[in-house]
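# Examination of the molecular architecture
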Amino acid sequence: MADKEKKVAPESKVEKATTEESKAAEKVAKAAKGSKSNKPNLFVRSSKAVKKFFKDFKGECKKIDWPNAQTILKSTGVVLLVVALVSVFVFALDFGLKEGIEQLKVIASGETTEVVTDGNVTDGDVAEDEHDHDHDHDHDEAAEAE
């Protein structure tokens, strides 16, 4: 069996060398013909390519299964519904995170929140009216009094 494999291997090398020689001979023959090729000029080739493209494009468009108006309306409705639901979810998530961060800021600053009902402070350390937000306000009143 080893003898058969040895016989096959040299023959394949010979065939390979023959095909390489024939390729080289073809190249020499082309070079001998001259550098001028039988190809048409660039404009002719490009116009044929453009025509072929649009012909193929038209054929591919015919293969498409286009939906009817009812299917398009149903699909549009589904898309709008999903967009609305995702918008509500993102709004709720954004609002919740914003309020959570505000509460964390209040906790970090050490102040407590207050609930005012009927004008009475029911929870918290300092009422809104007593807390001085306008630091210059006291100075303005003193200057007006003089």
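My aim in this report is to walk through the structure given alongside it, one point at a time. Residue positions are given per chain, counted from 1 along the sequence in the order it is written. This being a predicted model, a pLDDT of at least 70 is required before a residue's local features are given, and a value of 80 or more before pairs of side-chain atoms are given or counted; all residues contribute to the totals for chains, interfaces and linings. Hydrogens are left out, water is left out, and the side-chain values use all remaining heavy atoms of the structure.

### Here's the deal with a nonpolar patch on the surface
Just so we agree on the cut-off: Excluding any residue in a salt bridge, patches collect residues exceeding 30% relative accessible area, merging like charges within 9 Å and nonpolar Val, Leu, Ile, Met, Phe, Trp and Tyr side chains within 5 Å. Computed with the Shrake-Rupley method and a 1.4 Å probe, the accessible areas treat only the protein chains shown as cover for residues. In what follows, salt bridge is the name for a side-chain nitrogen of Lys or Arg lying within 4 Å of a carboxyl oxygen of Asp or Glu. Put simply, DSSP marks the helices as runs of H or I at least four residues long and the strands as runs of E at least two long, and each gets a number from the N terminus on.
A grouping of Val-78, Val-82, Val-86, Phe-89, Val-90, Leu-93 and Leu-97 is seen on the molecular surface, where their side chains present a nonpolar patch of about 670 Å² in accessible area. In this structure, Val-78 sits in helix α3 (residues 69-109).

### Here's the deal with α3
Put simply, the rule reads: Helices are assigned an expected span. That span is 1.5 Å times one less than the residue count.
With 41 residues, α3 extends 60 Å from end C-alpha to end C-alpha; this agrees with the ideal 60 Å at 1.5 Å per step. Backbone geometry just after α3 places Gly-110 at a positive phi near 90°.

### Quick notes on the pattern of salt bridges
Heads up, the condition is: Three labels apply to residues, based on accessible area from a 1.4 Å probe with only protein chains included: buried if under 20% of the type maximum, exposed if over 50%, partly exposed otherwise in between.
Evaluation of the coordinates by the stated rule reveals 3 salt bridges. For Lys-52, the salt bridge is made with Asp-56, and the minimal N-O distance between the two is 3.0 Å. Pair noted here: Lys-52 and Asp-56 are both in helix α2 (residues 42-63), with a separation of 4 residues, about one helical turn. The class of Asp-56 is partly exposed, set by a relative accessible area of 39%.

### Digging into the packing of aromatic side chains
We count it as follows: Put simply, two rings from Phe, Tyr or Trp (the six-membered ring, in Trp's case) pair if the centres are within 6.5 Å, and we call them stacked under 30 degrees between planes, edge-to-face over 60, tilted for the rest.
Following the criterion strictly, the structure yields 3 aromatic pairs and no others. Considering the side-chain rings of Phe-53 and Phe-54, the 5.2 Å spacing of their centres and the 75° angle between planes classify their relative orientation as edge-to-face. The residues Phe-53 and Phe-54 share a single accessibility class, namely exposed. Between the aromatic rings of Phe-91 and Phe-95, the centroid separation amounts to 6.3 Å while the plane-to-plane angle is 20°, which identifies the pairing as stacked.

What is shown is where atoms sit, not what they do.
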